[in-house]
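Chain residues, written in single-letter form:
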Amino acid sequence: MIEEFHKLNRRQQRRLSMPEYVRYREQLRQYDFKNNSRIKGIRKRKLYHWFLLPLIVIGRLANRQKLHILADKRTRTKKPVIYACTHIGYYDIIITIEAIKSPCYLLLSGPEAIYRTFEGWLAETNGVICMNAYSKPDRRIAKETAIRLLRQNGSLLIFPEGAWNITENLPVMKLFRGAVDMALQTGAEIVPIAIEQYEKDFYVNIGRNIKYPDVQADTQVLTDALRSELCTLKWEIWERFPVARRTAFSRDYGARFVEDILAEGRYINAKEMLEAERYHDKNVTAPAEAFAFMKQLNPRRENAFLFRN
């Protein structure tokens, strides 16, 4: 048992500075994990959820945002559900919670996002499991906590890409295997969800339940299949829009889109942070990494061909 740690109420937590709050939440996760604490208040938060939904809708309308649900193909189940959603920006969480309507906890990378914000209060009240994405032990604790939640018949919202997808050519980035691994361990069903944002218009496409009867299945193969399903759902959103010529967009359109997405995040102001938090496949070399040697080259006649466009 951990004796030196003392839990704080919400008022006391609000008095903490950002670094103190982040550290406290990490210590709290360690305390609950080491004491094998059950997740309390799941049934209570399911009740709170139905009172929070109208507030979420009001907040969206106040921001002049529109939600378009293209399809909802999921089926009812008595099993816990892992909602696995693509990730594009700051408002994904609130928009997705409104779209799926069903109560679920949120697996969140970094408590900075819920520090002294209205969205943070909503997440805390609705149910949230935080983790430090840069700490392997803390990621393991968060995963085990989520497994406890699922085994207590709670449901979970997760963004398996790990970071906002601001890439130029990937509909869905490579996924972390946690969602599939947790489903295999708990018998939970995965509901894949794709979300796309066009300024203040959000389009959500909810797919069919994915069940994993074979707990010995290859986690990576199933994760790749989940990514393919998310890509299909994303493509179905794109198909709703007319084809446009590249010349119809300004040359800096992509850069301005990324700038707008980052600006919405408030607490995120660097591409480097998103790059660090997304999944990195050790078998795939990124272009920036492949050509990093160019910065070390001294131009000479023998290597001049490397500098040609």
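Structural notes, computed from the coordinates. (Residues numbered from 1 in each chain as written. Predicted model: local features only at pLDDT ≥ 70, side-chain atom pairs only at ≥ 80, totals over all residues. Heavy atoms only, no water.)

Comments concerning the environment of I69
The topology assignment puts I69 in strand β1 (residues 66-72). It is 9.3 Å that separates the C-alpha atoms of I69 and I195, two residues lying 126 residues apart in sequence. (Helix = DSSP H or I, 4+ residues; strand = E, 2+ residues; numbered from the N terminus.)

Let's talk about the nonpolar core
Y83, L108, L157 and I193 are the most contacted members of the largest nonpolar core, which has 44 residues in total. The element best represented in this core is helix α4 (residues 92-100), accounting for 6 residues. In this structure Y83 touches R74, I100, S102, C104, S155, L156, L157, I158, V191 and I193, once residues within four positions along its chain are discounted. Membership of the second largest hydrophobic core comes to 28 residues, among which are I129, A142, L149 and Y212. (Core = buried A, V, L, I, M, F, W, Y, C linked by side-chain atoms within 4.5 Å. Buried < 20%, exposed > 50% of the residue type's maximum accessible area, 1.4 Å probe, protein only. Contact = heavy atoms within 4.5 Å.)

Brief notes about the pattern of salt bridges
Going through the model one piece at a time under the given rule, you end up with 9 salt bridges. Note that R60 and E98 form a salt bridge whose closest N and O atoms lie 2.8 Å from each other. Taken together, the positions of R60 in helix α3 (residues 42-62) and E98 in helix α4 put the pair 38 residues apart, joining distant regions of the chain. Note on R60: relative accessible area 11%, which makes it buried. (Salt bridge = Lys/Arg side-chain N within 4 Å of Asp/Glu carboxyl O.)

Points about the sheet that holds strand β2 (residues 81-85)
The 7 strands lie next to each other as β1-β7-β6-β2-β5-β3-β4, forming an open sheet whose pairing is mixed. Each of the sheet's edge strands pairs with one partner strand only, and the pair in question is β1 and β4 (128-131). Between one strand and the next, the sheet's axes are offset by a mean angle of 20 degrees, whatever the strand orientation. For β2 and strand β6 (residues 189-198), the ladder comprises 5 bridges, and the chain directions are parallel. From the neighbouring strand, V81 faces β6, where its bridge partner is E189. (Pairing = 2+ DSSP bridges. Axes fitted to C-alpha atoms, helices over the stretch in contact; angles between N-to-C directions.)

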